[in-house]
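A structural walkthrough
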Amino acid sequence: MEGLIMDYPLTTTTILKYGNNAFKHKKVISHLPDGSRHEYTFGDLYKRCKQLANALINKLGVDKGDIIGTFAWNHYQHVELYYGIPGIGAICHTINIRLSLQQIEFIINHSEDKVIFVDASLVPLLEKIADKLETVEHYIVINAPKKFSTSLLNVIHYEDLLENQLEEYEWPVLNENDACGMCYTSGTTGLPKGVLYTHRSTYLHALTISTPNAANYNSSDIVLLIVPQFHVMAWGYPYLCLITGSDMVLPSSHLQPEAIISILQEEKVTKANGVPTIWMGVYEEMKKNPPNPKLALQEYLVGGSALPASLIKNMEDDFGIRGVQAWGMTETSPLGTVSRLQTHHEQLSEEKKIQIRAKQGIEFPGIEMRIIGNDGSVAERDGKTMGELQVKGAWVIKSYFKTNNRDNFTKDGWFRTGDVSTVDDYGYMQITDRTKDLIKSGGEWISSVALESALMSHPKIKEAAVIAIPDEKWAERPLALIVKATAEELLSNEELREFLSRDFANYQIPDKYIFANQIPRTSVGKFDKKEIRRRYAQGKL
Ligand code: AMP
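Residues numbered from 1 in each chain as written. Predicted model: local features only at pLDDT ≥ 70, side-chain atom pairs only at ≥ 80, totals over all residues. Heavy atoms only, no water.

On to the overall build of the protein, then. Across its full length, the protein holds 15 helices and 25 strands. The C-alpha radius of gyration computed for the protein amounts to 24 Å, which stays within 12% of the reference 24 Å derived for 541 residues, consistent with globular compactness. When its C-alpha atoms are laid out on the principal axes, the protein stretches across 70 × 60 × 60 Å. If you sum the accessible surface of the protein, you get close to 23,800 Å²; carbon and sulfur atoms cover 49% of it. Each charge class in the protein can be summarised by its mean position, and for the 58 positive and 67 negative side chains these summaries are 3 Å apart. (Helix = DSSP H or I, 4+ residues; strand = E, 2+ residues; numbered from the N terminus. Rg over C-alpha atoms; globule rule 2.2 N^0.38 Å. Areas by Shrake-Rupley, 256 points an atom, 1.4 Å probe, with all protein chains shown as cover. Lys, Arg positive; Asp, Glu negative; His and termini not counted. Charge placed at Lys NZ, Arg CZ, Asp CG, Glu CD.)

Near the ligand there are 16 residues, and of these A326, T330, D419, K436 and W445 occur at the shortest range. A distance of 2.8 Å separates a nitrogen atom of the ligand from a polar atom in the backbone of A326. The side chain of T330 places a nitrogen or oxygen atom 2.7 Å from an oxygen atom of the ligand. Within the complex, 93% of the 500 Å² of free accessible area of the ligand lies under protein. Elements represented by at least two residues in the shell around the ligand include exactly strand 14 (322-328) and strand 20 (429-434). Among the elements that take part in the shell around the ligand, strand 14 stands out by supplying four residues, more than any other. Considering only residue class, the shell around the ligand consists of six nonpolar, six polar and four charged. (Near = heavy atom within 4 Å. Polar contact = N/O pair within 3.5 Å; in protein donor to acceptor, adjacent residues only side chain to side chain. Nonpolar A, V, L, I, M, F, W, Y, C, P; charged D, E, K, R; others polar.)

Next up on the list: the state of the cysteines. What we call a disulfide is simply a covalent bond connecting the sulfur atoms of a pair of cysteines. For the coordinates displayed, the defined rule picks out zero disulfides. As a non-bridged cysteine, C241 has C49 as the owner of its nearest cysteine sulfur, 14 Å distant. When its relative accessible area of 0% is taken as the criterion, C241 is described as buried. (Disulfide = S-S within 2.5 Å. Buried < 20%, exposed > 50% of the residue type's maximum accessible area, 1.4 Å probe, protein only.)

So, on to helix 15 (residues 529-537). Of all the positions in helix 15, only K529, E531 and I532 are classed as buried. Buried residues of helix 15, viewed axially, fall in a sector of 160°; they line one side. Along helix 15, exposed side chains directed more than 90 degrees from the buried face belong to K530 and A537. Contacts made by the buried residues of helix 15 are with helix 13 (448-456), strand 23 (461-471) and strand 24 (475-484). Trailing helix 15 by a residue or two, G539 shows a phi angle of about 70°, which is positive. (Arc of directions from axis to C-beta. Contact = heavy atoms within 4.5 Å.)

Turning our attention to the domain arrangement of the protein. Looking at the protein, the domain boundaries give domain 1 (12-255) and domain 2 (439-537). Summarising the inter-unit geometry, the C-alpha centres of domain 1 and domain 2 are found 36 Å apart. Inspection of the domain 1/domain 2 interface yields one salt bridge. In this assembly, domain 1 and domain 2 are joined by three residue pairs in polar contact (both at pLDDT 80 or more). Among the residues making up the side of domain 1 that touches domain 2, the classes are represented as two nonpolar, nine polar and one charged. (Domains from an automatic or database assignment. Salt bridge = Lys/Arg side-chain N within 4 Å of Asp/Glu carboxyl O.)

This brings us to the pattern of salt bridges. Under the defined criterion, the tally for this structure stands at 35 salt bridges. Of the charged contacts, one joins E159 and R48 as a salt bridge, the two residues approaching to 2.9 Å between their closest N and O atoms. Placement of the pair is E159 in helix 6 (residues 158-162) and R48 in helix 2 (residues 42-58), with a sequence separation of 111 residues. With relative accessibility at 38%, the residue E159 sits in the partly exposed group. Taken together, the salt bridges that share partners define one network made up of R37, E39, E266 and E267.

The grouping of I5, M6 and Y8 at the surface amounts to a nonpolar patch, some 460 Å² of accessible area in total. The exposure class of M6 is exposed, given its relative accessible area of 75%. (Patch = residues over 30% accessible without salt bridge, like charges linked within 9 Å, V, L, I, M, F, W, Y side chains within 5 Å.)

Let us look at the packing of helix 9 (residues 257-267) against helix 10 (residues 276-288). A pair of packed helices can be characterised by two numbers: the angle between their axes and the separation between those axes. Their axes nearest at 9 Å, the elements helix 9 and helix 10 cross at an angle of 80°. Considering the angle they form, helix 9 stands roughly perpendicular to helix 10. Between helix 9, through P257, E258, I260 and I261, and helix 10, the contact on the second element is made entirely by I278, G281, V282, E285 and M286. A breakdown of the residues in the contact of helix 9 with helix 10 according to their chemical character gives six nonpolar, one polar and two charged. (Axes fitted to C-alpha atoms, helices over the stretch in contact; angles between N-to-C directions. Parallel < 35°, antiparallel > 145°, perpendicular 65-115°, else oblique.)

What follows is about the packing of aromatic side chains. For the structure shown, the criterion picks out twelve aromatic pairs. Geometrically, the ring pair formed by Y82 and Y239 is tilted, given 5.7 Å between the ring centres and 35° between the ring planes. Highlighted residues: Y82 in helix 3 (residues 76-87) and Y239 in helix 8 (residues 237-244), separated in sequence by 157 residues. Here the two residues Y82 and Y239 agree in accessibility, since each one is buried. Here Y169 and W171 contribute two aromatic rings whose centre-to-centre distance is 5.0 Å and whose plane-to-plane angle is 85°, an arrangement assigned as edge-to-face. For Y169, a relative accessible area of 16% translates into the label buried. Classification of W171 by relative accessible area gives buried; the value is 8%. Joined through ring pairs, the aromatic side chains of Y82, Y83 and Y239 make up one cluster. Above the plane of the ring of Y400 lies K193, whose end atom (NZ or CZ) is 4.3 Å from the centre. (Phe/Tyr/Trp six-rings, centres within 6.5 Å; stacked < 30°, edge-to-face > 60°. Lys NZ or Arg CZ within 6 Å of the ring centre and 35° of its normal.)

On to the sheet that holds strand 24, then. Taking strand neighbours across the sheet as the criterion, the three strands line up as 23-24-25 in an open arrangement whose pairing is mixed. Both outer strands of the open sheet, strand 23 and strand 25 (512-515), are each paired with one neighbouring strand and no more. Taken pair by pair, the neighbouring strands of this sheet meet at an average axis angle of 25°, ignoring direction. In this structure, strand 24 lies alongside strand 25, joined through four bridges in parallel fashion. Pairing of I482 across the sheet is with F515, part of strand 25. Against the sheet, helix 14 (residues 493-500) touches strand 23, strand 24 and strand 25, its axis set at about 120° to strand 25. (Pairing = 2+ DSSP bridges.)

Here's what the structure looks like:
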């Protein structure tokens, strides 16, 4: 028997309207790329989103189901796009500005973006590939200085687009299972793959992570959104802040430790997010120049790479600021687990407590996880048995956009994460390894297989294997082990860097190259990465 409750769609517009009704006076503060500060309220945001909706339809001819790209920093205009585009039934596709130009070109053509909203400071990147972009009809430039010229065609300035548009718009009733957002994952060895979020998944994800056991935000919080809006929908924060009535602070391109600390100070930020590399930099800078007066920051939520126990301890001992670890993936919207202590941990020593907090944590309600051991069965939750982490839930991908990757899914409906983990008897998951042949540096992926095939196309190289090595600042960096075509070949690190820079973004290029006579192999002849990592750790490479 069906229940007798209204069929009320959970959409991003539901969140936008709620933010306006319940928290009209709360603030959106942006530190813009040119150094200026902009502030308005959730009420202003609401009006501007309606102007944007009118402009999308009337000036740009955007229809329901169209995919609209954004190539931009974190600021209020990008938040308007997060609501305005899905609000009319189109899809907000956030493009990662840190990818290589080839990947960006592929992603834009593959998703068939009709319009791209681009920050003026990022226009030079798009200019380099614009003639290869097949579907883009307009470029809308955000934050353009007075004197601005570009070789892009069909350019409109963002403020001109919104000018004279009505502040009234009747939001259509949308199907909550329609797509609202899109993000490509560059994490795998092949081409980037698109993940298409639904209104429902976005709503449930944001609502759930705002709860006390998760991010724990409320209307007295001032939240700094460091995670880029071009990265997995900024972990849902632009939605979560309107749900919880938290003031939103957006740093745009000001992501150096000194700049972050100054924004934390100026805006009296209470909570923030970010990858470990960011917080490591902030900690080191604060050690050198302790902020005076003390920061109002109580807590930072970390994901993307493991939060080191040492950082949790140091930040808390030296500055009284709590680090909370979360785990997730582009494919899981992204947050899937979070690690906070519970009452049964109270009797543990401080050191043990930090060990628990350095685990990736328990599932959010709405997500289920399991570990599949080597024998193919579901592993015990004993904190020891390792296996592949698989997840399913209300905001987990069921298939990729226009790509048939059934290998990523099990026959019984679970998503294979490619992470290797344990789960303890209290349900705390801990990542121990990764089956995907990848390196994660400063929160961004580097494909070791792509680097290897590029290196092996170099005429002076016979073989090359790339592994991740630990790095204090970036969490991981790539290292290339190289066998030269002939022992006499002269091959410098500079030559290799220059060669790779044709296909790879700067951060993806290894800093370290080791030359060897041969590369260790497994019994079936594959590069034995475990053995290479072991030898490196022992200083025997
Ligand atoms: P992405 O799709 O780029 O967000 O990357 C997702 C991957 O990042 C996961 O499958 C993990 O390998 C890694 N990852 C994310 N969060 C954490 C974390 N807290 N600890 C360790 N690895 C993480």
